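# Summary of the model geometry
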Amino acid sequence: MPSDPHEEERSEAGSLGLPDLGDGIDALTFEQILEMDEDEEEREFSKSIVFGFFEQAEQTFTKMDNALKQQQQQTNQIIFVFNRELRDLEELSSLGHFLKGSSATLGLTKVKDSCEKIQHYGQMKDEAGINAESDEDLCLSRIRETLVTVKEEYAEAEKVLRRFFAG
C-alpha cells in the first residue's frame, strides 16, 4: 500500500493501482489514457488531454447556456420562435453529442450519460433516445435541468482529476 493516497503502484497483472477516482470516473478507461504517458512522473500526455478537456467542456457549457438564453429571448417573437427553437434544439443536441464523446474518452461516465440525455432531448426524444417527444418546451426544460446536473458532475470530476495530477 503506498504511503501517499495519490501514489500509484503496479499490480501483478501490470495495471496501475489508481487512487479512488469516485463513481463518476471509470478507472479502466482513465487508465488507458495514463498508459500512453512516456513518463509516469510527469504525465505530460494524459495531463494535456485532461486539461484540454476542461477547456473544451467549459466552452461547450458556455455555448449551451447561450443557446438556451437565445431561445428564451426569442419567445416573444412568435413567428420566429418555432424555427429558432428547432435550431437551438439541434445545436444543443450537437453540443451534447460532442461533449459526450470527449467525456467518454476519459471515462467520465456521469458526464457522458448526462450529455447523452442532452443529445436525445435536443433530438426531441426521451431520455433514452427511444421515444419521440413532440413538446419542444418540455425538451428545452429537460435540457436546462440536465445541464445543471452535468455541470455539477463535471465540477466533481474536474476536482478529482486536478487533485490526481497535482498529486
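Values in this document were obtained by computation on a predicted structure and should not be read as measured data. The residue numbers shown here count from 1 along each chain, following its written sequence. Thresholds applied to this predicted model are a pLDDT of at least 70 for local features of residues and 80 or more for the giving and counting of side-chain atom pairs; totals over whole chains, interfaces and linings are not thresholded and use all residues. Computation of side-chain values: all heavy atoms of the structure, hydrogens and water removed.

### Considerations on the overall build of the chain
Test applied: Helix and strand assignments follow DSSP, with helices taken as H or I runs no shorter than four residues and strands as E runs no shorter than two, numbered in order from the N terminus. Partly exposed describes any residue whose relative accessible area lies between the buried limit of under 20% and the exposed limit of over 50%, with all areas from a 1.4 Å probe on protein chains only and scaled to the type maximum. By definition in these notes, contact holds between two residues if any of their heavy atoms fall within 4.5 Å. Methods summary: accessible areas were calculated by the Shrake-Rupley approach with a probe of 1.4 Å, and residue burial reflects only the protein chains presented.
A tally of regular secondary structure across the chain gives 5 helices and 2 strands. Each helix (α) and strand (β) of the chain, taken in turn from the N terminus, gives the series β-β-α-α-α-α-α. The proportion of buried residues among the 167 residues of the chain is 41%. Looking at the chain alone, contacts between residues at least 24 apart form 63% of all its contacts between residues at least 6 apart. As displayed, the chain offers around 9600 Å² of accessible surface, 48% of which is attributable to carbon and sulfur atoms.

### Brief notes about the packing of helix α4 (residues 109-122) against helix α5 (residues 136-166)
Rules: Axes here refer to lines fitted to C-alpha atoms; in helices the fit is confined to the stretch in contact. Angles between the N-to-C directions go from 0 to 180 degrees. Each angle is binned into one of four classes, with values under 35 degrees roughly parallel, values over 145 roughly antiparallel, values of 65 to 115 roughly perpendicular, and all other values oblique. We call a crossing left-handed when the near helix sits turned anticlockwise from the far one by less than a right angle, and right-handed when that turn is clockwise. Ten residues, namely Ala, Val, Leu, Ile, Met, Phe, Trp, Tyr, Cys and Pro, are considered nonpolar, four, namely Asp, Glu, Lys and Arg, are considered charged, and the remaining ones, Gly among them, are considered polar.
At a minimum axis separation of 9 Å, α4 and α5 run at an interaxial angle of 165 degrees. Judged by the inter-axis angle, α4 sits roughly antiparallel to α5. As α4 packs across α5, the resulting crossing turns out to be left-handed. Mapping the contact onto sequence places Lys 110, Val 111, Ser 114, Cys 115, Lys 117, Ile 118, Tyr 121 and Gly 122 in α4 and Cys 139, Arg 142, Ile 143, Thr 146, Leu 147, Thr 149, Val 150, Glu 153 and Tyr 154 in α5. A breakdown of the residues in the contact of α4 with α5 according to their chemical character gives 9 nonpolar, 4 polar and 4 charged.

### Some details on the nonpolar core
As a reminder, the rule being used: In these notes, a set of buried Ala, Val, Leu, Ile, Met, Phe, Trp, Tyr and Cys residues joined through side-chain atoms within 4.5 Å is what counts as a nonpolar core.
Of all hydrophobic cores here, the largest spans 36 residues; its most connected members are Ile 25, Phe 30, Phe 53, Phe 61 and Leu 108. Looking at this core, the elements with two or more residues in it are α1 (27-34), α2 (44-73), α3 (78-106), α4 and α5. Contact partners of Phe 61, with chain neighbours within four places excluded, come to Leu 99, Leu 147, Val 150, Lys 151 and Tyr 154.

### A few points about α5
Spelled out, the test is: Multiply 1.5 Å by the residue count of a helix minus one, and that product is the helix's expected span. Identification of polar contacts relies on pairs of N or O atoms within 3.5 Å, with a donor-acceptor requirement for protein atoms, meaning one able to donate a hydrogen and the other able to accept it, and with residues adjacent in sequence counted only if both atoms are side-chain atoms.
With 31 residues, α5 extends 44 Å from end C-alpha to end C-alpha; this agrees with the ideal 45 Å at 1.5 Å per step. One side-chain oxygen of the residue at the start of α5 lies 3.0 Å from the amide nitrogen of Asp 137, identifying that residue as Asp 135.

### Focus on a negative patch on the surface
Put simply, the rule is: Note that patches include only residues with greater than 30% relative accessible area and no salt bridge, and the join distances are 9 Å for like charges and 5 Å for nonpolar side chains (Val, Leu, Ile, Met, Phe, Trp, Tyr). Salt bridges are defined as contacts in which a side-chain nitrogen from Lys or Arg sits within 4 Å of a carboxyl oxygen from Asp or Glu. By the counting rule applied here, Lys and Arg register as positive and Asp and Glu as negative, while His and the ends of each chain are not counted. Taken as the charge centre is NZ of Lys, CZ of Arg, CG of Asp or CD of Glu, depending on the residue.
Negative charge collects at one region of the surface, where Glu 38, Asp 39, Glu 41, Glu 42 and Glu 44 lie side by side. Tracing the backbone shows Glu 44 in helix α2.

### With respect to α4
Between its terminal C-alpha atoms α4 stretches 20 Å, which fits the 20 Å expected from 14 residues at 1.5 Å a residue. Listed as buried for α4 are Val 111, Ser 114, Cys 115, Ile 118, Gln 119, His 120, Tyr 121 and Gly 122. Note on α4: the residue one or two positions beyond its end, Met 124, has a positive phi of about 60 degrees.

### Regarding the side chain of Glu 153
Checked against the element boundaries, Glu 153 lands in helix α5. There is a polar contact of 2.6 Å between the side chain of Glu 153 and the side chain of Ser 114. Filtering out sequence-adjacent residues up to four positions away, Glu 153 remains in contact with Lys 110, Val 111 and Ser 114.

### Structural notes on the environment of Glu 91
Here Glu 91 is to be found in helix α3. In this structure the C-alpha to C-alpha distance between Glu 91 and Gln 119, which are 28 residues apart in sequence, comes to 9.2 Å. What Glu 91 contacts, discounting residues up to four positions off in sequence, is Lys 63 and Ala 67.

### Observations regarding the UniProt feature "modified residue: Phosphohistidine" (unreviewed entry) in the chain
Going by this rule: UniProt positions are given in the numbering used here, feature names are shortened, and annotations may be inferred rather than shown by experiment.
According to UniProt, the feature "modified residue: Phosphohistidine" (unreviewed entry) maps to His 97 in the numbering used here. Tracing the backbone through its elements, the reader meets His 97 in helix α3. Judged by relative accessible area, which is 44%, His 97 ranks as partly exposed.

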